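Structure at a glance
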Amino acid sequence: MIELKNISKVFTTKDGSIEALKNVSLTIPDGDIFGVIGLSGAGKSTLVRCINMLERPSSGSVVIDGTDLGSLSEKQLRSVRSQVTMIFQGFNLLLQKNCLKNVCFPLELAGVKKSEARQRAQELLELVGLGDKAKAYPSQLSGGQQQRVAIARALATKPKILLCDEATSALDPTTTNSILELISDINRKLGITVVVITHQMNVVERICRHVAIIDDGEVAEQGEVTQVFSQPVSAAAKQLVYPDGISDITANAAQDEHILRVVFNGAEAAKTPLIAMLAQQKGIAANIAYASTKSIGNKAYGSMILSVRSKAELTEAVGYMNSIKDITAQEVTANE
């Protein structure tokens, strides 16, 4: 278990002090995929670097499996970091080494025999789908393939925790989905706790079970992904969840018009005409004011803003949508 207790981090610059984190407390259960999301400059990357003490907090404590990392020596911390590994947006591969040697590198640093390291590295390349790229160099790989090598390297020391700092930000949507599927698969197969740092809501929606929203160095909101994203409470959460112009949609709604937001969290509804079914089964003609959804396999992800004509239709539509597995719906009011 990862416990962050009242973490604060202050950077001193020539222009004065910058308070990057302010009294942040989070608990991340073993085996979870935990998302930390926020806009640029919110403090999320500083937070993830505090988890493995690449950045030492100015105050507060980081406790992993009952051990306060702040009490450890540098030598002890190096041992911990072999169990708390990290992947980055920029991949950080060694360009002069081939894929096999990149994955071998942390094993060599740990003193593992060369033959054992090569065997382990080849197994990990197979795990990430690059068994045939052992002799290829990073420059010969696509961005997605490079990130897969980076993941294999991060797994080399058999870590308990994998930290992902904007790991898919440099990738196109299709490649992003394949990397997220790989991370989710690794979590299931190996039981590794995954902490995902991102500014992309779709990344959190796709694989995370719990989420913390960071705003100006503070935790604005946290909880289960489905709960936070379907019923955001804080201003920061609403800014992430609701599309630009949601206030215009509610403000311009007719007096007898009511707005609801429908969230798709992997629903088996990618090819189902839900709006048509709502009309046919409930007699409700909903207008689509906004939609941002995508299909991955046969599952739907994303959200949709609908308007209906009366409070009675709103209640009926919300109930209908909430009755479908992996779909949540709620009213959106003018103060959202």
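You'll find the structure just up there.
These lines cover the structure that appears in this document, whether it is placed above or below. Here the structure is a predicted model, which is why all the values come from computation and not from measurement.

**Concerning the pairing of strand β10 (residues 218–224)**
Two strands pair when backbone bridges link them, and strand β9 (residues 210–215) and β10 are joined in this way by 6 bridges, in the antiparallel orientation. Looking across to β10, one finds that I214 is bridged to V219. Where β9 folds back onto β10 in an antiparallel hairpin, the turn is made up of 2 residues, including D216, whose phi is positive at roughly 50°.

**Topic: the packing of helix α3 (residues 99–109) against helix α4 (residues 114–127)**
Pairs of packed helices are described in terms of their axes, by the angle between the two and the distance that separates them. Across the interface, α3 lies against α4 with an axial gap of 9 Å and an inter-helix angle of 120°. Of the possible angle classes, the one that applies to α3 and α4 is oblique. The chirality of how α3 crosses α4 is right-handed. For the pair formed by α3 and α4, the contact residues are C99, L100, V103, C104 and L107 on the first element and A117, R118, R120, A121, Q122, L124 and L125 on the second. Residue composition of the contact of α3 with α4, grouped by class: 9 nonpolar, 1 polar and 2 charged.

**Focus on the sheet that holds strand β2 (residues 16–28)**
On the basis of which strands lie adjacent, the open sheet formed by 4 strands has the order β2-β1-β4-β5 and antiparallel pairing. Across the chains shown, the open sheet's two edge strands, defined by having one partner strand only, are β2 and β5 (67–68). Here strand β1 (residues 2–13) pairs with β2 via 9 bridges, running antiparallel. Looking at the pairing, V10 lines up with E19 of β2.

**What about the packing of aromatic side chains?**
Tallied over the full model, the rule gives 0 aromatic pairs. Positioned above the aromatic ring of F11, the side-chain terminus of K9 is 5.1 Å from the ring centre.

**As for the nonpolar core**
I87, L125 and I151 are the most contacted members of the largest nonpolar core, which totals 52 residues. Setting aside residues no more than four positions away along its own chain, L125 makes contact with C99, L100, V103, L130, G131, A134, V149 and A152. In terms of nonpolar packing, the next biggest core, distinct from the first, is built from 28 residues, L4, M53, V195 and I197 among them.

**Examining the environment of S71**
Relative to the assigned elements, S71 resides in the loop between β5 and α2 (74–81). A polar atom in the side chain of S71 sits 2.6 Å from the backbone oxygen of D68.

**Remarks on the packing of α3 against helix α5 (residues 143–155)**
Running from N to C, α3 and α5 cross one another at 30°; their axes reach a closest spacing of 7 Å. Considering their axes alone, α3 and α5 lie roughly parallel with respect to each other. Remark: the crossing between α3 and α5 carries right-handed chirality. Only V149, A152 and R153 of α5 make contact with α3, whose side of the interface consists of C99, N102, V103 and P106. Partitioned by chemical class, the residues of the contact of α3 with α5 number 5 nonpolar, 1 polar and 1 charged.

**Concerning the sheet that holds strand β6 (residues 84–88)**
Strand order across the open sheet formed by 6 strands is β6-β7-β8-β3-β9-β10, with mixed pairing between neighbours. Looking at strand neighbours, the two that pair on one side only are β6 and β10, the edges of this open sheet. Strand-to-strand twist in this sheet, taken as the mean axis angle between neighbours without regard to direction, amounts to 15°.

**Examining α4**
Between its first and last C-alpha, α4 extends 20 Å over 14 residues, near the 20 Å set by a 1.5 Å rise per residue. Three or more residues of α4 are buried, namely A117, A121, L124 and L125. Looking straight down α4, one finds its buried side chains confined to an arc of 100°; they lie on one side. Of the residues in α4, the exposed ones pointing more than 90 degrees away from the buried face are S115 and Q119. Residues of α4 that are buried sit in contact with α3 and α5.

**Let's talk about the pattern of salt bridges**
Across all of its chains, the model carries 14 salt bridges by this definition. Between E55 and R49 there is a salt bridge, with the nearest N and O atoms lying 3.9 Å from each other. Of the residues examined, E55 reaches a relative accessible area of 18% and is grouped as buried. Classification of R49 as partly exposed rests on a relative accessible area of 30%. In this structure, E316 and K282 form a salt bridge, with 3.5 Å as the shortest nitrogen-oxygen distance. With E316 in helix α12 (residues 311–322) and K282 in helix α11 (residues 274–282), this pair connects stretches of sequence that are 34 residues apart.

**Some points on the pairing of strand β4 (residues 59–64)**
Both β1 and β4 contribute to a ladder of 5 bridges, which runs antiparallel. Note on β4: the bridge partner recorded for K5 is S61. The hairpin formed by β4 and β5 contains 2 residues between the paired strands, and D65 there has a positive phi angle of roughly 50°.

Cut-offs applied
Residues numbered from 1 in each chain as written. Predicted model: local features only at pLDDT ≥ 70, side-chain atom pairs only at ≥ 80, totals over all residues. Heavy atoms only, no water. Pairing = 2+ DSSP bridges. Helix = DSSP H or I, 4+ residues; strand = E, 2+ residues; numbered from the N terminus. Axes fitted to C-alpha atoms, helices over the stretch in contact; angles between N-to-C directions. Parallel < 35°, antiparallel > 145°, perpendicular 65-115°, else oblique. Left-handed = near helix turned anticlockwise from the far one by under 90°. Contact = heavy atoms within 4.5 Å. Nonpolar A, V, L, I, M, F, W, Y, C, P; charged D, E, K, R; others polar. Phe/Tyr/Trp six-rings, centres within 6.5 Å; stacked < 30°, edge-to-face > 60°. Lys NZ or Arg CZ within 6 Å of the ring centre and 35° of its normal. Core = buried A, V, L, I, M, F, W, Y, C linked by side-chain atoms within 4.5 Å. Buried < 20%, exposed > 50% of the residue type's maximum accessible area, 1.4 Å probe, protein only. Polar contact = N/O pair within 3.5 Å; in protein donor to acceptor, adjacent residues only side chain to side chain. Expected span 1.5 Å × (residues − 1). Arc of directions from axis to C-beta. Salt bridge = Lys/Arg side-chain N within 4 Å of Asp/Glu carboxyl O.

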